Protein chains: 2
Amino acid sequence: MTKTIGIIGAGQLGQMLGFAGRQLGLELVFLDPADSPPAAAAGKVLRFPFDSREGLQELAAMSDLITYEFENVPVAALDHIAADTPVYPPAQALLHAQDRLAEKQLFSSIGIPVPEYRTIDSVADLERAAIEVGLPVVLKTRRLGYDGKGQQVVREGSEIERAVTSLGCNDLIAEQLVPFDREVSIIGTRSVRGEICIYPLAENEHRNGILDVSRAPADVAGLEIVAQGYLTDLLHRLDYVGTLALELFVIDDRLLANEFAPRVHNSGHWTIEGAATSQFENHLRAILDMPLGETHMCGEAGMINLIGSMPPILPKSEGSSIHLHDYGKTPRPGRKLGHVTVIAESVRARDAALSKIAENLIR
Amino acid sequence: MTKTIGIIGAGQLGQMLGFAGRQLGLELVFLDPADSPPAAAAGKVLRFPFDSREGLQELAAMSDLITYEFENVPVAALDHIAADTPVYPPAQALLHAQDRLAEKQLFSSIGIPVPEYRTIDSVADLERAAIEVGLPVVLKTRRLGYDGKGQQVVREGSEIERAVTSLGCNDLIAEQLVPFDREVSIIGTRSVRGEICIYPLAENEHRNGILDVSRAPADVAGLEIVAQGYLTDLLHRLDYVGTLALELFVIDDRLLANEFAPRVHNSGHWTIEGAATSQFENHLRAILDMPLGETHMCGEAGMINLIGSMPPILPKSEGSSIHLHDYGKTPRPGRKLGHVTVIAESVRARDAALSKIAENLIR
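Residues numbered from 1 in each chain as written. Chains lettered and ligands numbered in written order. Predicted model: local features only at pLDDT ≥ 70, side-chain atom pairs only at ≥ 80, totals over all residues.

Draft legend 1. Inspection of the overall build of chain A at higher detail. Secondary structure assignment for chain A yields eleven helices and 17 strands. Radius of gyration (C-alpha) of chain A: 20 Å, near the 21 Å computed for a compact globule of 363 residues. Expressed as lengths along the three principal axes of its C-alpha atoms, the size of chain A is roughly 60 × 55 × 40 Å. Going through the 363 residues of chain A one by one, you find that 50% of them count as buried. Sequence-distant contacts, at least 24 apart, represent 63% of the contacts inside chain A between residues at least 6 apart. (Helix = DSSP H or I, 4+ residues; strand = E, 2+ residues; numbered from the N terminus. Rg over C-alpha atoms; globule rule 2.2 N^0.38 Å. Buried ≥ 20, exposed ≤ 12 C-beta atoms within 10 Å, placed from the backbone. Contact = placed C-beta atoms within 7 Å.)

Draft legend 2. Local environment of the sheet that holds strand E2 (residues 27-31) of chain A. Residues and elements named next belong to chain A. Taken in spatial order, the four strands make up an open sheet running E3-E2-E1-E4, and their pairing is parallel. Because the sheet does not close on itself, it has two edges, and the strands there are strand E3 (44-46) and strand E4 (65-68). Here the strands of the sheet are splayed against their neighbours by 25° on average, with no regard to which way each runs. Relative to E4, strand E1 (residues 4-8) runs parallel, the two sharing four bridges. Along E4, the bridge assignment pairs isoleucine 5 with leucine 65. The sheet contacts of helix H2 (residues 53-62) involve E1, E2, E3 and E4, and relative to E2 the element is tilted by about 175°. (Pairing = 2+ DSSP bridges. Axes fitted to C-alpha atoms, helices over the stretch in contact; angles between N-to-C directions.)

Draft legend 3. Region of interest: the relation of the copies chain A and chain B. Overlaying chain A on chain B yields an RMSD of 0.0 Å, the required transformation being a rotation through 180° with an accompanying axial translation of 0.0 Å. This pairing of chains is accounted for by a two-fold axis. The rotation axis passes nearest to the C-alpha of Cys298(A) in chain A, at a distance of 2.7 Å. Of the residues that chain A buries at the interface, 100% are likewise interface residues in chain B, meaning the two copies contact each other through the same surface. (Least-squares fit on C-alpha atoms with pLDDT ≥ 70 in both.)

Draft legend 4. View of the interface of chain A and chain B. The interface of chain A with chain B comprises 26 residues on the first partner and 26 residues on the second. Elements with a minimum of two residues in the side of chain A that touches chain B: helix H1 (12-23), strand E16 (320-326) and strand E17 (336-344) of chain A. Of the residues assigned to the side of chain A that touches chain B, the class counts are twelve nonpolar, ten polar and four charged. (Nonpolar A, V, L, I, M, F, W, Y, C, P; charged D, E, K, R; others polar.)

Draft legend 5. Here's a closer look at the pairing of strand E1 (residues 4-8) of chain B. All names here are of chain B. Most of E1 sits out of view: four of its five residues are buried. Across five bridges, the pairing between E1 and strand E2 (residues 27-31) is parallel. Following the sheet pairing, threonine 4 is matched in E2 by glutamate 27. Taken together, E1, helix H1 (residues 12-23) and E2 constitute a β-α-β crossover, and its handedness is right-handed. (Right-handed = clockwise from strand over helix to strand, strands pointing away.)

Draft legend 6. Layout of the domain arrangement of chain A. Segmenting chain A into domains produces domain 1 (4-87), domain 2 (116-176) and domain 3 (182-359). Taken over C-alpha atoms, the centre of domain 2 of chain A sits 29 Å from the centre of domain 3 of chain A. (Domains from an automatic or database assignment.)

Draft legend 7. How the structure looks around the environment of Gln92(B). In this fold, Gln92(B) is placed in helix H4 (residues 91-97). Separated by 40 residues in sequence, Gln92(B) and Ser52(B) place their C-alpha atoms 20 Å apart.

Draft legend 8. Representation of helix H5 (residues 100-109) of chain A within the structure. Residue and element names in this part refer to chain A. Those residues of H5 lying buried are Arg100, Glu103, Lys104, Leu106 and Phe107. Down the axis of H5, the smallest arc covering the buried residues is 160°, so these residues share one side. Within H5, the exposed residues directed more than 90 degrees away from the buried face are Gln105 and Ser109. Next to the buried residues of H5 lie helix H4 (91-97), strand E5 (117-120), strand E6 (137-141), strand E8 (172-176) and strand E14 (254-261). Positive phi shows up at glycine 111, right after H5, with a value of about 80°. (Arc of directions from axis to C-beta.)

Draft legend 9. Inspection of helix H11 (residues 347-359) of chain B at higher detail. Residue and element names in this part refer to chain B. An ideal rise of 1.5 Å per residue puts 18 Å on 13 residues; H11 measures up with 18 Å between its terminal C-alpha atoms. Among the residues making up H11, those that are buried are Ala349, Arg350, Ala353, Leu354 and Ile357. The buried residues of H11 occupy an angular sector of 135° when the element is viewed end-on, so they sit on one face. The outward face of H11, more than 90 degrees from its buried face, is lined by the exposed residues Arg348 and Glu359. Along its buried surface, H11 packs onto strand E12 (210-216), strand E15 (300-307), strand E16 (320-326) and strand E17 (336-344). (Expected span 1.5 Å × (residues − 1).)

Draft legend 10. Region of interest: the sheet that holds strand E3 (residues 44-46) of chain B. Residues and elements named next belong to chain B. Strand order across the open sheet formed by four strands is E3-E2-E1-E4, with parallel pairing between neighbours. Every interior strand has two partners, whereas the edge strands, E3 and strand E4 (65-68), have only one. Mean inter-strand twist for the sheet, computed between neighbouring axes without regard to direction, equals 25°. On top of the sheet, helix H2 (residues 53-62) reaches E1, E2, E3 and E4; it is set at about 175° to E2, its chief contact.

Draft legend 11. Up close: the pairing of strand E11 (residues 202-207) of chain A. All names here are of chain A. Pairing of strand E9 (residues 182-190) with E11 involves three bridges; the strand directions are antiparallel. Counterpart to valine 184 in the pairing with E11 is glutamate 203. Bridge count between E11 and strand E12 (residues 210-216): five bridges; the pairing is antiparallel. Along E12, the bridge assignment pairs histidine 206 with leucine 211.

Draft legend 12. How the structure looks around the packing of H1(A) against H1(B). Their axes nearest at 11 Å, the elements H1(A) and H1(B) cross at an angle of 170°. Regarding the angle of H1(A) to H1(B), the classification is roughly antiparallel. Contact residues: Phe19(A), Arg22(A) and Gln23(A) in H1(A); Phe19(B), Arg22(B) and Gln23(B) in H1(B). Class assignment for the residues of the contact of H1(A) with H1(B) results in two nonpolar, two polar and two charged. (Parallel < 35°, antiparallel > 145°, perpendicular 65-115°, else oblique.)

See the structure below:
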């Protein structure tokens, strides 16, 4: 019997889940209000808003299982369908990921260190926090922020009032702007039966608040095992099912958690060509309670996001295999249109290939 | 501008081409008379017979380029559309692949050794061939044979008359049944601009005339370079564009060509997970004249075809990554429903995994 997986969100992550699912012989159906979104290449799209009761019910009626490709899915809406159709990852992962305060409290409760922070509901709160935590801080909305939206860096006291006002005055959080050396992410998958697999760490570079380049494995020596421990604890604590990404700052020989995403993640796109099993395939195996696939790497991996425009040509580069992923979106400034993955025989060859690709990009 | 690739045939090879194409941002459209064929998961299917002038014209009108997933495409029908829409691989590859005599003459003309053979148009012809070539021979129709169909082994003189009659009496070919040690295949790709890439050899085991298991790389020592030379000569001679598979017999330290397929090939399914770039992606890169991707392997690869029924469960196996491919077909005895790929850290681990998978199969 062919199984049908319902996926909330039909963007590029949904598309990649869909491609992995098709290979496994699954049918896919997506819920997304957008007109011809990327995942339409992988299955039928029900065009409803994400919180549409009607849309979710139709999705549930067509699906054996439901999952999602982004973390701003309305939990209340999900609750209505979860009684009849299993929804993975579990709602409590969404609840924590949607609220930066709950997320930090969760991290702290299981011993994962986080940057110092304060909740902010007024200008006075931020003035106090600036003294206690010290400037600079990053002021963020507690909810619905992504790709650098809904946040502002406050470096001087004179910026406090405007920052608080511009972000809506309450339900904010101020975090110490940690002078991190590097940002890394660790991605892992946990299945219904509790099996866990973890990918090598990726090091991530951002540009204008959007992920620009990931490289894996990250050269973090002894910190890899620390990150694996944090991720494992998090997966267990949430009784998690599916793929999850944990973003961490590296400060000297310490790791501080930034945030987690209860879904497949842009910093794991390299796993399609670079790991024995992709994060997408493992997400589906996990929610279907199939045995998980191996996660070891086949070379040095690099990924470069294609933002705003596609490269006119892809270069050849000695010692590297270069792979284009085109999401089929209409080009628009700031829009993620695709990515390029490099799998190379050495770090040097990988970085040379990434440079060649970047030279061809309009940025 | 999104390009559309028209593919004649919408079976599992078309499906895998389609999945590779989707990732590259291509639109796919297929021509196939079957009701909901596997490639329907990857694009629109025009339901026409393969030789339908109307169907081919509609396909051409929708496509920037046309290619095919099986070698029995009627060349005359293709000629009508090739004037306006490029068709790859070129027609002369099809012409040679569709006629076992032309194929052998082509091999011989470029110095690729073949088993001894005779053309057969009567019982008397086969009686003469039995004396000259010696029994046993394999009697085959010159055209339209695949997966062991359209051929018969003749071991004794008493079988001659019935064999010739049952295969239609003329346009036959009798080949020496070579006492081969092993059967291997070598797959390569040549692009519009003439770039060539070649995959490691695979060793193939058949069961009831259908490919059962492939293992790559084949342990053939010095013969690999000989096979690469044959394949390169063949690609050049045909002015070939796309992926091609050449099947060879290994007899002691010699190779004899069996046949070639002007298309992606079942014995290269392992390249999806096991090579830096799959044969499917490279076929599309070749016909689009993009740079070809690297072909080196990420471990020891194995592939087992799923014929007639799907395994109820996939095992875990130490040191191996195991990947299911389900073509979405209705089960039927003798039907290729999917395959499983194993990528392992050692030959021993791969073979252990293949055995575990085979144990779960009803065969």
